Amino acid sequence: MNRDVIIACDFSSKEQTLRFLDQFEKTDRKPFVKVGMELYYAAGPDIVREIKRRGHKIFLDLKLHDIPNTVKKAMSVLRDLDVDICNLHAAGTIPMMEAAIEGLTRADGTRPLLIAVTQLTSTDQESLERDLLIARPMEEVVLHYAMNAKKAGLDGVVCSPLEAARVHEVCGKSFLTVTPGIRFADGAKDDQKRIMTPAQARAVGSDYIVVGRPITAAEDPVAAYERCVREFFE
Ligand code: C5P
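Computed from a prediction, not measured in an experiment: that's the story for all the values here. (Residues numbered from 1 in each chain as written. Predicted model: local features only at pLDDT ≥ 70, side-chain atom pairs only at ≥ 80, totals over all residues. Heavy atoms only, no water.)

Visitor: Sorry if this is basic, but what is going on with the overall build of the chain here?
Guide: Looking only at helices and strands, the chain features 11 helices and 8 strands. Relative to the globule expectation of 17 Å for 234 residues, the C-alpha radius of gyration of the chain, 17 Å, shows essentially globular dimensions. The contacts of the chain with a sequence gap of at least 6 include a subset with a gap of at least 24, amounting to 68%. For the chain, the accessible surface area stands at approximately 11,400 Å², while carbon and sulfur atoms represent 51% of it. Taking the average location of the 32 positive side-chain charges in the chain and that of its 35 negative ones, the two points are 2 Å from each other. (Helix = DSSP H or I, 4+ residues; strand = E, 2+ residues; numbered from the N terminus. Rg over C-alpha atoms; globule rule 2.2 N^0.38 Å. Contact = heavy atoms within 4.5 Å. Areas by Shrake-Rupley, 256 points an atom, 1.4 Å probe, with all protein chains shown as cover. Lys, Arg positive; Asp, Glu negative; His and termini not counted. Charge placed at Lys NZ, Arg CZ, Asp CG, Glu CD.)

What follows is the structure, given as structure tokens:
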């Protein structure tokens, strides 16, 4: 199923992460989990193996960006870790993305889903022009990078839910949009600015929503996760 709620496990240690996931040991539905750089660098590949052992799917959010050969080799390590989704920066160009796919592909032709970061949401129009010397509107750049990812054979992009519909228009309905920036209608926004509720994200066509603090910081994370799933799928 290429649609799901992914919990961003933004914790800094293995113990904290497993304590959090212990709460889901008895639930029917094992949440899809995102492991990011902080946790991976702190706890290493063991945390990925342990979360897989518990029956969760994993989005390993390491955002690779290097020369094609290095990315290819790094991706074959992630392939052997048996993650379900991994990602890279589309800025690494089409040859780098193609090399990543080669590295990820198993002997039987299957592979984890591979998605691209187009432009980080922390980059705004001003820094795009001033720091990166890209004198084009942000939306054009994001859609162009998404098309590059599609040309390279990737499965989708990480984007704001506000961009999901345009990405689907340009890259097709089956090109996946994985969207953070999700908040409950009655919840705290934290530092997120451009947000949508799970139901709104579903309405604009998000395929996967990535949800961190509304679940991890909730008094009852299992109830918050279940609410999120209900709102996203209903
Ligand atoms: O706690 P919250 O729901 O804001 O967490 C969102 C997750 O998605 C975090 O892991 C954050 O790093 C990630 N993310 C994001 N915005 C992006 C890309 C990733 O919030 N553009």
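Visitor: What's the story with the layout of surface pockets in this structure? I'm lost.
Guide: The gaps left among the atoms become clear once a water-sized probe is rolled over them. Of the voids in this model, the largest pocket is the one considered here, and its volume is about 1,200 Å³. Counting only elements with at least two residues in the lining of the largest pocket, the list comes to β2 (32–36), α2 (37–43), β3 (58–64), α7 (138–151), α8 (161–171), β8 (208–211) and α10 (213–216). (1 Å grid on protein atoms, 1.4 Å probe; cavity = no way out; pocket = protein on both sides within 12 Å on 5 of 7 lines; lining within 4 Å. Points joined across faces, edges and corners; volume = space filled by probe spheres on them.)

Visitor: Could you clarify how one ought to interpret the site of the ligand in this entry?
Guide: Every residue close to the ligand is listed here: Ala 8, Asp 10, Lys 34, Thr 121, Pro 180, Arg 183, Gln 192, Val 210, Val 211, Gly 212, Arg 213 and Pro 214. Between Asp 10 and the ligand, the recorded distance is 2.7 Å, taken from a side-chain N or O atom to an oxygen atom. In isolation the ligand offers 470 Å² of accessible surface; the protein chains occlude 79% of this area. Of all the cavities here, the one that holds the ligand is the largest pocket. Contributing elements (two or more residues each) for the shell around the ligand: β8 and α10. Classifying every residue of the shell around the ligand by side-chain character gives 5 nonpolar, 3 polar and 4 charged. (Near = heavy atom within 4 Å. Polar contact = N/O pair within 3.5 Å; in protein donor to acceptor, adjacent residues only side chain to side chain. Sits in = over half its atoms within 2 Å of the grid points. Nonpolar A, V, L, I, M, F, W, Y, C, P; charged D, E, K, R; others polar.)

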